Amino acid sequence: MSIRRLPEKLVNRIAAGEVVERPAAALKELVENAIDAGATRISVRIAEGGISRLEVEDDGCGMTASDMALALERHATSKLPDDAIEDVTTLGFRGEALPSIASVARLTLESRVAGGDGWKRVVDNGAVVAEGPAALAKGTRVVVEDLFARVPARRKFLRSGRSEYAACLDVVKRLAMARPDVGFTVEHDGRRVLDVQGGQDQIARVAALTQRELVANSIGVDVDRGDVHLGGVISLPTYNRGIADHQYLFVNGRPVKDRLLVGALRGAYADLLARDRHPVVALFLDVPTSEVDVNVHPAKTEVRFRDPQLVRGMIVGGLRRALDEHGFRSVQRPAEAALAAWQQEPVAPEPATGFLFGRRTEPAVHLFGTDIAPAADDVARVYDRLVPFASAAPLAGRAEVAEALPPQAEEHPLGIARGQIAKTYIVAEAEDGLVIVDQHAAHERLVLEQLRRGMGGQRVPSQGLLLPEVVELDEPACDRLEAAAAQLAALGVELERFGPAAVMVRATPAMLGAIDCRKLVTDIADDLAGYDAALGLNEKLELVAATMACHGSVRAGRTLSVPEMNALLRQMEVTPHSGQCNHGRPTWVKLAMDDVEKLFGRK
């Protein structure tokens, strides 16, 4: 087969496959062009997720009619005044975006320079179909319609309008975060979904585009090393999310998704966060243009550093230093009214009797949503004899007579509880040794298994909220929650849409008790988003169930009574997979009696 030169139209379509992967990719190129043109205000209008229509309007320098014709040719650009591509300072520089987009869609380009006349040029899938005068203010307006309409092989791989819209919104947010001096508005299907004013400071812009709580739960970063500067904001370790989509990284003002930077960020938080939790960060790295290559990816989302170790060390060390300086801080402390609501639980005084030892019947223990009755035999208790001045002091503690081991040791391998260490670990005595249980990890697994049974058809009982709670999220997150509402109801979470960017929670799983609804729903939305492309809904709900189990489990630091500890041990003995928590860590360990005796030199 002989080699032939491909026609220009086919060359443009091939280039479009690299540059215009989806509507969000086309939107990214158009907004970058507007920023490079010196715009101070950029307006974006999206219809059907950008599949049917994208419109970007700016107040930049504009173009003349002759420049417009050149701009629609491949590799024609005003951003490289000479051949020094290594010194590029603009977001775009290849001159491929407009002709590539015009080859797979209907593109209308309108522009006007200051003091000149406006001009319009229309290109339909690579062919110029109209041009002439246009009425508009100084700047440029680009309209892209029916993307991939004549390339069905590409169009069928596009996702739903909602998914494409979410990707478009994320692109604009990242570019807006990089340029707080520029104002941005976004409208989707005629409704305004984003509006930020120009002239904001960096932290205010980041908070406006992520979450308002970030301002109170973040740490500023400002590190210099030679000609390299690292700035931005990072969240406290206790303010984290379930997916890494809330990590915004920029190199010389360019949004990137670079493995080196992501790895350095993970290293900085290595022993501060669980492996399935991610910080919220916005980091801005400024390096000399000669020290970074931005021409290594068709979409310019990856970069290559001349000295990657310097960059990694600077990020890890700078973030570590900032986190260490604020190590005493936790997520924003509760309001004074909430603190005032805490009160010591009243303890009913024991009846004064002439006996040192008394007997009474233990009430049933309520744990895991069921009542667990005590042993049939009464348990002997030891009480201190009351003295006249003791009634004014709070009850500090009490001793309990050790209970006998269960008669069928093989049926109760975890033995019977003897006490609690550091309000975190249960110490139990088994027939053949000493058992130590991590109460949080163990209960987390038990709750997860109950939720899984709910997914299998046994609906999880729910507890209605006295006052439904409204949780504000971004619109794509609300869309995902609304789509999964029926399945979430089977898990005990009853919610409904409450406007474009909020959901109303009416009930939560009864087994979780009193929980933070906002945090629970936010994490569920993160789980649904983080595995949106790779997994089906049922598989994603498995991850949601694990998140809910973590919220509802007995926390480390909670004092448990002996009956509660025994109830936990009995439940573990009959629950599958109770030997490890949802993250793969062991929930209990056993020290054999022979080993205990060796420690004391008895063997």
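For clarity, every value in this text was computed on a predicted model and none was experimentally measured. (Residues numbered from 1 in each chain as written. Predicted model: local features only at pLDDT ≥ 70, side-chain atom pairs only at ≥ 80, totals over all residues. Heavy atoms only, no water.)

Trainee: Any chance you could break down the pattern of salt bridges for me, citing the residues and the numbers?
Mentor: Applying the stated criterion to the full structure yields 32 salt bridges. Between Arg277 and Asp523 there is a salt bridge, with the nearest N and O atoms lying 3.2 Å from each other. Of this pair, Arg277 sits in the loop between helix H8 (259–268) and strand E14 (278–279) while Asp523 sits in helix H14 (residues 517–530), and the two are 246 residues apart along the sequence. Overall, Arg277 belongs to the buried group, its relative accessible area being 18%. Salt bridges sharing common partners tie together Arg45, Arg53, Glu55, Glu57, Glu110, Arg141 and Glu145. (Salt bridge = Lys/Arg side-chain N within 4 Å of Asp/Glu carboxyl O. Helix = DSSP H or I, 4+ residues; strand = E, 2+ residues; numbered from the N terminus. Buried < 20%, exposed > 50% of the residue type's maximum accessible area, 1.4 Å probe, protein only.)

Trainee: Give a description of the sheet that holds strand E13 (residues 254–256) that names residues and reports values.
Mentor: Strand order in this open sheet of five strands is E9-E10-E15-E12-E13, and the pairing throughout is mixed. Sheet topology places strand E9 (218–225) and E13 at the edges, where each strand pairs with a single neighbour. Direction aside, the axes of adjacent strands within the sheet are offset by 20° on average. Across eight bridges, E9 lies against strand E10 (residues 228–235) in antiparallel orientation. (Pairing = 2+ DSSP bridges. Axes fitted to C-alpha atoms, helices over the stretch in contact; angles between N-to-C directions.)

Trainee: Requested: an account of a nonpolar patch on the surface, with residues and values cited.
Mentor: Taken together, Ile421, Tyr425, Leu434, Ile436, Val589, Leu591, Leu599 and Phe600 make up a surface patch of nonpolar side chains, about 750 Å² in accessible area. As for its position among the elements, Val589 is in strand E28 (residues 588–592). The exposure class of Val589 is partly exposed, given its relative accessible area of 46%. (Patch = residues over 30% accessible without salt bridge, like charges linked within 9 Å, V, L, I, M, F, W, Y side chains within 5 Å. Areas by Shrake-Rupley, 256 points an atom, 1.4 Å probe, with all protein chains shown as cover.)

Trainee: Explain empty space enclosed by the protein to me, and be specific about the residues and the numbers.
Mentor: With the rule as written, the count across this model stands at four cavities of 30 Å³ or more. Considered as a void within the structure, the largest cavity measures approximately 50 Å³ in volume. Surrounding the largest cavity, Leu230, Leu249, Phe250, Leu261, Leu265, Leu283, Phe284, Leu285 and Ile315 form its lining. Listing elements by their share of the lining of the largest cavity, those giving two or more residues are strand E12 (247–251), H8 and strand E15 (281–286). The biggest single contributor to the lining of the largest cavity is E15, with three residues. (1 Å grid on protein atoms, 1.4 Å probe; cavity = no way out; pocket = protein on both sides within 12 Å on 5 of 7 lines; lining within 4 Å. Points joined across faces, edges and corners; volume = space filled by probe spheres on them.)

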